[in-house]
Amino acid sequence: SSSSPASASASTVSGMIRSLMNIAYVYKISGDYPKALAFYGKALDLHDKMSHHGDVHDSISLYSQIGMVYDHLAKYPKALNLHRKALEIYHKMSSQHSSSSSSSSSSSSSSSSSLAWSPSAMELYQHVGMGHYRVGQYRQALFYYEKAME
C-alpha cells in the first residue's frame, strides 16, 4: 500500500502525526529522551510537510513536548526557544479564532482520546516562565508566571 504523505488524506496524516506523538510521549515518560526526540522529530517533519492541513493544536503540543524533553536533558536555552515557539503559535491561533467565529471554543476536545497533550495558555506561560528561570532571566520568569495567572 502506498502511504506516502503526498498521497494520504489530511485525516490520515493527522492520525499518523498523533500516533508518532503518542509513541514519543511514551518514550518521554519512560525516560528514553533520545527516542522521544526522534519520534517527535518525525511527527514535526510530517506536520511541516502538511502544514496547510496541519492541526494547530498539534503544532503547539509538538513544540511544547519537545521543549519538555530538552528540559529533562538540561538543555534549557533550547527548551526555552521551543516553549516560546509553542506560545507564539498559541497566540496566533487565539487571534485567528477571535477574529473568526466564536463557536470554535471546543476545538481542543477533538484530541482528548489521544496521549498527545495540548497545553493550555496557563501551562504554556508556565513553561516559558520556567525556561527563563532556568537560564537566569528572573524578571522575564516573573512576567510569564504572572501572565499564567491572568
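A quick note: this is a predicted structure, and the numbers were derived from the prediction, not measured. (Residues numbered from 1 in each chain as written. Predicted model: local features only at pLDDT ≥ 70, side-chain atom pairs only at ≥ 80, totals over all residues. Heavy atoms only, no water.)

A.B. asks: Could you give an account of a nonpolar patch on the surface, naming the residues involved and the relevant values?
C.D. replies: A cluster of nonpolar side chains, namely Met130, Tyr133 and Tyr138, defines an oily patch on the protein surface of about 320 Å² accessible area. Judged by relative accessible area, Met130 falls into the partly exposed class, the value being 30%. (Patch = residues over 30% accessible without salt bridge, like charges linked within 9 Å, V, L, I, M, F, W, Y side chains within 5 Å. Areas by Shrake-Rupley, 256 points an atom, 1.4 Å probe, with all protein chains shown as cover. Salt bridge = Lys/Arg side-chain N within 4 Å of Asp/Glu carboxyl O. Buried < 20%, exposed > 50% of the residue type's maximum accessible area, 1.4 Å probe, protein only.)

A.B. asks: Mind laying out the pattern of salt bridges, listing which residues take part and the relevant values?
C.D. replies: This structure, assessed with the given rule, holds 4 salt bridges. Among the ionic pairs, Glu88 bridges to Lys92, the shortest N-O distance being 3.6 Å. Here Lys92 and Glu88 lie together in helix α4 (residues 76-99), a separation of 4 residues that amounts to about one turn. Assessed through its relative accessible area of 48%, Lys92 is described here as partly exposed. (Helix = DSSP H or I, 4+ residues; strand = E, 2+ residues; numbered from the N terminus.)

A.B. asks: Quick one: what's the story with the nonpolar core, residue by residue and with numbers?
C.D. replies: Within the largest apolar cluster, 33 residues are counted, with the highest numbers of intra-cluster contacts made by Tyr40 and Ile66. For this core, the secondary structure elements donating two or more residues are α1 (10-29), α2 (33-49), α3 (56-72), α4, α5 (121-134) and α6 (138-148). The element contributing the most residues to this core is α2, with 8 residues. Not counting residues up to four positions away in its chain, the partners in contact with Tyr40 are Met21, Ala24, Tyr25, Lys28, Leu62, Gln65, Ile66 and Val69. (Core = buried A, V, L, I, M, F, W, Y, C linked by side-chain atoms within 4.5 Å. Contact = heavy atoms within 4.5 Å.)

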